[in-house]
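Given next are the chains, with one letter for each unit.
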Amino acid sequence: MNPNAIVGAVGPVLEWLDLAGIFVFAASGALLAAAKRQTLVTFIFFAVITGVGGGTARDLLIGAPVFWIAQNTVLLICIAAAMIVWMLPRRWLEGRLLDWLDAAGLAAYASFGAAKGLDYGVAPLPAIGMGVLTACLGGIIRDVFAGEPSILMRPQLYVTAAALSAALTVVLILAGVPGGTAGPLAFLAGFGLRGAAILRGWSLPAYPR
């Protein structure tokens, strides 16, 4: 680890935010399996790959132990999310529940991923990239396996919301704000932007030519 790293950026509050992000992302994976009318095994598979995909790539890139290998908690969270979705009444699975769960996971994961990057000596701009990668890769893998259009190809603000959470986390921590305060603030900003995109259809301009 770089001796100049901002050690301690990931505190207890951010760790809880990370667990919450894992749960809602895993639930979003299970919801997509429900939309495809898959088996319980597929529910769990989708929950796991969505919940751990982005964080696994982040840890491999920054040289951290892969976060779910040495403990049972993460996989149990993913399995629990899949089981909860499996048992929900069908009427609860309709509408925009998947979008809102995905938005919450996106913002939480982006904030935690950026803070963990700083903790492992990653420079500020790459740390923002680690936050975006953490937040987006699991959803990309989920969509590819389900045969859905990738989130990267949708016009609504998505990666931008992840980048906002990640960037705000980095800026606030570099400004001396404790991670336990910076994380929730960044989460609310990213979730708010993604929520506005869901409700109002906000998107960035497309290539005009």
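Please refer to the structure placed before this passage.
Residues numbered from 1 in each chain as written. Predicted model: local features only at pLDDT ≥ 70, side-chain atom pairs only at ≥ 80, totals over all residues. Heavy atoms only, no water.

## Description of empty space enclosed by the protein
(1) Moving on: Scanning the entire structure with this criterion turns up 1 cavity of 30 Å³ or more.
(2) Moving on: Within this model, the largest cavity holds a volume of roughly 40 Å³.
(3) Moving on: Together, Ile-151, Arg-154, Gln-156, Tyr-158 and Arg-194 line the largest cavity.
(4) Moving on: A per-class count over the lining of the largest cavity returns 2 nonpolar, 1 polar and 2 charged. (1 Å grid on protein atoms, 1.4 Å probe; cavity = no way out; pocket = protein on both sides within 12 Å on 5 of 7 lines; lining within 4 Å. Points joined across faces, edges and corners; volume = space filled by probe spheres on them. Nonpolar A, V, L, I, M, F, W, Y, C, P; charged D, E, K, R; others polar.)

## What about helix H1 (residues 12-35)?
(1) Moving on: With 24 residues, H1 ought to run about 34 Å at 1.5 Å a step, and its terminal C-alpha atoms sit 35 Å apart, in line with that.
(2) Moving on: Two residues or fewer past H1, Arg-37 is found with a positive phi of approximately 55°. (Helix = DSSP H or I, 4+ residues; strand = E, 2+ residues; numbered from the N terminus. Expected span 1.5 Å × (residues − 1).)

## Section: the layout of surface pockets
(1) Moving on: Empty space within the largest pocket amounts to approximately 210 Å³.
(2) Moving on: The wall of the largest pocket is formed by 13 residues, among which Glu-15, Asp-18, Phe-67, Phe-112 and Lys-116 lie closest to the centre.
(3) Moving on: Every element with two or more residues in the lining of the largest pocket is listed here: H1, helix H3 (73-87) and helix H4 (97-119).
(4) Moving on: Classifying every residue of the lining of the largest pocket by side-chain character gives 6 nonpolar, 2 polar and 5 charged.

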